[in-house]
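Chain by chain, the residues run as shown.
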Amino acid sequence: MENIGKVPVHVSIIMDGNGRWAGERGLDRSAGHIEGVESVRACTEAAVEYGVKYLSLYAFSEENWGRPKGEVSSLMSLMFKSMLGELQNFMDNGIRFMVLGHRDRLDSSLNEAIDACMEKTASNSRLTLIIFLSYSGKWDIMQAARRYAEDVLRHPDKADELLEMEPDGFSRYLVTAGIPDPDLIIRTSGEMRLSNYLLWQAAYSELLFSDVLWPDFRKREFAEALEAYSKRDRRYGKVK
Ligand code: FPP
């Protein structure tokens, strides 16, 4: 790819369209999710290749718990299997793996496997791959506000300082503490909304909407998105 001038540090993707991809082929929705894992692999490889440092993926929202039980459990077991199956690949390619979200809602066996995978890959530094699981932006801001209020109550000596905190300080209470905000957020399948994803962190993200369904979004589409990003003019509310 020749035209990628500036590479985003953090690319985030709302993976959408698995169900439609399967429906178009007369297959069960789960076939779309299974094929979607191949796109996860392809985009992860591309991110490593292009020097993206953080790739985050919206895999399951808080709202997705309301899907039919069978679909929820097949998505969770797909997550489980994919994570274990990719562990060696993460180690071979210097990938740090993280899962962020409302983890209390996940099965304890899945949580244990996630912890083990996160610990094992913690010192890898080529790419951080973040899976947002049982995540929603409003939930994240709420849990941050709760922990912030607890800090204020627990440390009366520091209350004044805490109450004067700037947004960057508050960011440390979000589950994404220490992770740079996404430079580029891609949503596939032609839908044009954020759907309760990274509401705080997306304040100055560039948004890119692709008509391609997630199972068809592979290396070429990822590279094209990076190319489109490199042509964007980011001003952060200022004049250049
Ligand atoms: C949206 O498509 C996709 C999801 C809700 C699940 C995405 C999950 C995966 C691709 C598997 C994740 C695996 C790993 C290892 C991260 P949809 O079902 O909403 O599609 P539709 O809008 O066409 O119905």
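Here the structure is shown first, and the text comes after it.
Residues numbered from 1 in each chain as written. Predicted model: local features only at pLDDT ≥ 70, side-chain atom pairs only at ≥ 80, totals over all residues. Heavy atoms only, no water.

**Q** Summarise the overall build of the protein chain; cite the residues concerned and give the values.
**A** Helix and strand content of the protein chain: 8 helices and 6 strands. Its helices and strands in sequence order give the protein chain the pattern β-α-α-β-α-β-α-β-α-α-α-β-β-α, from N to C terminus. The globule rule puts the C-alpha radius of gyration for 240 residues at 18 Å, and the 18 Å found for the protein chain is close to it. Taken along its principal axes, the extent of the C-alpha atoms in the protein chain is 60 × 50 × 35 Å. Relative to its full complement of 240 residues, the protein chain shows a buried share of 50%. A separation threshold of at least 6 residues defines the contact pool for the protein chain, and within that pool the share at least 24 residues apart is 78%. In the form shown here, the protein chain has an accessible surface area of approximately 12400 Å², with 51% of it arising from carbon and sulfur atoms. (Helix = DSSP H or I, 4+ residues; strand = E, 2+ residues; numbered from the N terminus. Rg over C-alpha atoms; globule rule 2.2 N^0.38 Å. Buried < 20%, exposed > 50% of the residue type's maximum accessible area, 1.4 Å probe, protein only. Contact = heavy atoms within 4.5 Å. Areas by Shrake-Rupley, 256 points an atom, 1.4 Å probe, with all protein chains shown as cover.)

**Q** Please provide a residue-by-residue account of the packing of aromatic side chains, values included.
**A** Applying the stated rule across the entire model yields 14 aromatic pairs. Aromatic side chains Tyr204 and Tyr236 sit 5.7 Å apart centroid to centroid with 50° between the ring planes, which places their arrangement in the tilted category. Separated by 32 residues along the polypeptide, Tyr204 in the loop between strand E5 (184–187) and strand E6 (206–209) and Tyr236 in the segment after helix H8 (219–230) bring together distant segments of the chain. Using a relative accessible area of 43% as the deciding quantity, one classes Tyr236 as partly exposed. Linked through ring pairs, Tyr58, Phe132, Tyr135, Trp139 and Tyr197 together constitute an aromatic cluster. (Phe/Tyr/Trp six-rings, centres within 6.5 Å; stacked < 30°, edge-to-face > 60°.)

**Q** Describe the sheet that holds E6, and please don't skip the residues or the numbers.
**A** Spatially, the 6 strands line up as an open sheet ordered E3-E4-E2-E1-E5-E6, and their pairing is parallel. Edge positions in the open sheet fall to strand E3 (95–100) and E6, since each of these has one partner strand only. Taken over all neighbouring pairs, the strand axes of this sheet differ in orientation by 20° on average, direction set aside. In the sheet, strand E2 (residues 54–61) pairs with strand E4 (residues 127–135) via 7 bridges, with the strands oriented parallel. By the bridge assignment, Leu57 is partnered in E4 with Ile131. Contacts between helix H4 (residues 108–121) and the sheet are confined to E3 and E4, with E3 contributing the most and set at about 145° to the helix. (Pairing = 2+ DSSP bridges. Axes fitted to C-alpha atoms, helices over the stretch in contact; angles between N-to-C directions.)

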